[in-house]
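The lines below spell out each chain.
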Amino acid sequence: MYSCAGPPYHRWSTDWPPLGAALIRAAETTGAVLVTTGNLYGYGAVDGEMTEETPLLPNSVKGRVRAKLWTDALAAHEAGRIRTAEVRGSDYLGAGAVSAFSVMVLPKVIKGGRGLAPADLDAPHSWTYVGDVAKTLVAVAADPSAWGRPWHVPTPAPVSVRALATRAAELAGAPQARVARMPAIALRLAGLFRPDAREMLETQYQWQRPFIVDSTAATVAFGIKPARTDDALREMIVA
């Protein structure tokens, strides 16, 4: 059983706990292996690369929600009630991916406009291809030795927002990329009217400093080679 969906961003704190509990009950009732698509929020603000051994020290509401979803499922696994694992990726690239980059930067840049991002434009940032998320979910579900722990999706070397925008413009045959840092006050003002913008405020730490995932464990265990960032960008450009 693959958990790949979820409630709207602004309803995580109210909707995820009962959904997570229902998934555990379903796994217990059916005997199906529960493999959840997670993220990196539960680690909180980390100095250095994040590995699967990095402690869960969330510093946001959404981070605490994600951490509890995993610890509850893991407790049920360790009690012998279910079999489970979690697959964690960074911000997504690829067809259908939704992130600050895909919404606020890419559409503008490939049309020759100026993208705005509430981020340090030159900080290294990990980007995970959605197709590699699917490959990792399938690999983990099929391997009993992989259950009972989290796995990081095989992810290529980090790329800054500015470098990613520059490469996207080149691949799209667009003018040289123009991207600017969105002032913090602008995001706060947008949050007064848009729930999705408001919810981005508490995770700004991910965008104002290096945000790097180490995915060595899954790369070695499952032999999954991360997709090239260029290929992930091409999918988004033609979508």
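Quick look at the overall build of the protein
Here's step 1: Secondary structure assignment for the protein yields nine helices and eight strands.
Here's step 2: Its C-alpha radius of gyration of 18 Å places the protein within 12% of the 18 Å reference for a compact globule of 239 residues.
Here's step 3: Projected onto its principal axes, the C-alpha positions of the protein cover 55 × 40 × 30 Å.
Here's step 4: Looking at the 239 residues of the protein, the share that counts as buried comes to 48%.
Here's step 5: Taking as baseline every contact in the protein between residues at least 6 positions apart, the subset at least 24 positions apart corresponds to 79%.

Considering the environment of Arg 178
Here's step 1: Considering the arrangement of structural elements, one finds Arg 178 in strand 8 (residues 178-181).
Here's step 2: Judged by its relative accessible area of 44%, Arg 178 is partly exposed.
Here's step 3: Each C-alpha atom, one on Arg 178 and one on Thr 166, is 7.9 Å from the other, the two residues being twelve residues apart in sequence.
Here's step 4: One polar contact links the side chain of Arg 178 to the main-chain carbonyl oxygen of Gly 112, over a distance of 3.2 Å.

About the criteria used
- Note that residues are indexed from 1 along each chain, following the sequence as it is written.
- It should be noted that, the model being predicted, local features are given only for residues of pLDDT at least 70 and side-chain atom pairs only at 80 or more, the latter also being counted only at that level, while totals for whole chains, interfaces and linings use all residues.
- Heavy atoms from the whole structure form the basis of all side-chain values; hydrogens and water molecules are not counted.
- By definition, any uninterrupted DSSP run of H or I lasting at least four residues is a helix, any uninterrupted run of E lasting at least two residues is a strand, and each is numbered from the N terminus.
- Here the globule rule reads 2.2 Å times residues to the power 0.38, and the radius of gyration is calculated from C-alpha atoms.
- Relative accessibility thresholds used throughout: buried, under 20% of the residue-type maximum; exposed, over 50%; partly exposed, between the two (1.4 Å probe, protein chains only).
- Here, residues are in contact when the closest pair of their heavy atoms is within 4.5 Å.
- Here a polar contact means two N or O atoms within 3.5 Å. Within protein one must be a hydrogen donor candidate and the other an acceptor candidate, and residues neighboring in sequence count only if both atoms are side-chain atoms.

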